[in-house]
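Letter by letter, the chains look like this.
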Amino acid sequence: MAETETNPLRRPLPDGIVPEGEVTRTENRWIAIVLGMLGVMMAVIVVTGVTNALHPPSNVEIIDPTTLHLGGEFAESNLGTAAEPDGSVTVRLIAEQYNFVPECVRVPADTPVKFRLSSADVIHGFLLVGTNVNTMVVPGFVAEVRTSFNALGDYRMPCHEFCGVGHQGMWAHVNVVPKGRFPHLSTTERTSCVQQ
Ligand SMILES: [Cu+2]
């Protein structure tokens, strides 16, 4: 004789109620699947890290974030907009908690613009609304983005990677002026629109 028939406490479950044993089995199955997915993701992070296969989203160009300000391309006197011999301009910026240096850059309209950025501390983001410019700024790497502006005016430039408690205040501007109003710069001169 079956146990269920002799045990008065074992009454058949009402319709729609799943037996407890089956619930436990289903939960255990899901726990195993989730742990497996976590394991795969951890393995991908560790393997790509150990084999140096983690790539920042732009060009792979490394730089020492602890000595950015001491000399070389990202020294303070070299930041801002520089004119290139071919008529294009290069804008160099440092992203740091919680601002961009310089916080306002001026560029001519209808001209190829190359942005080069690096971070002095943590990961920041660089986004120009309404353009193709959208990149992460990862410490240890130079982020490079090329664009050109055909509409004049001020483009707001928010940091779009959460970088700490002051993140929401991390904004800068790109000021696009007509070609004729952009100053003629020698090879060593830099310009910005930061008010002194
Ligand atoms: Cu930031």
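Since the model is a prediction, treat every value here as computed from it, not as a measurement. (Residues numbered from 1 in each chain as written. Predicted model: local features only at pLDDT ≥ 70, side-chain atom pairs only at ≥ 80, totals over all residues.)

## As for unusual backbone geometry
What is expected of a backbone is that most residues other than glycine have negative phi and most peptide bonds are trans.
Stage number 1. For the bond from Q97 to Y98, the omega torsion is 0°, close enough to zero to count as cis.
Stage number 2. Take Y98: it is sitting in the loop between β2 (89-96) and β3 (99-101).
Stage number 3. In this chain, V101 is followed by P102 through a cis amide linkage whose omega measures -5°.
Stage number 4. Along the chain, P102 turns up in the loop between β3 and β4 (104-108). (Helix = DSSP H or I, 4+ residues; strand = E, 2+ residues; numbered from the N terminus.)

## Some points on the domain arrangement of the protein
Stage number 1. Segmentation of the protein into domains returns domain 1 (3-50) and domain 2 (65-181).
Stage number 2. On a C-alpha basis, the centres of domain 1 and domain 2 stand 50 Å from each other. (Domains from an automatic or database assignment.)

## Quick look at the nonpolar core
Stage number 1. In terms of nonpolar packing, the biggest core is built from 32 residues, with V91, L93, A95, V107, L117 and A143 touching the most fellow members.
Stage number 2. Here the element with the most residues in this core is β2; it accounts for five residues.
Stage number 3. Every residue in contact with V107, bar those within four places of it in the chain, is listed here: T81, V89, V91, V113, F149, V174 and V176. (Core = buried A, V, L, I, M, F, W, Y, C linked by C-beta atoms within 7 Å. Buried ≥ 20, exposed ≤ 12 C-beta atoms within 10 Å, placed from the backbone. Contact = placed C-beta atoms within 7 Å.)

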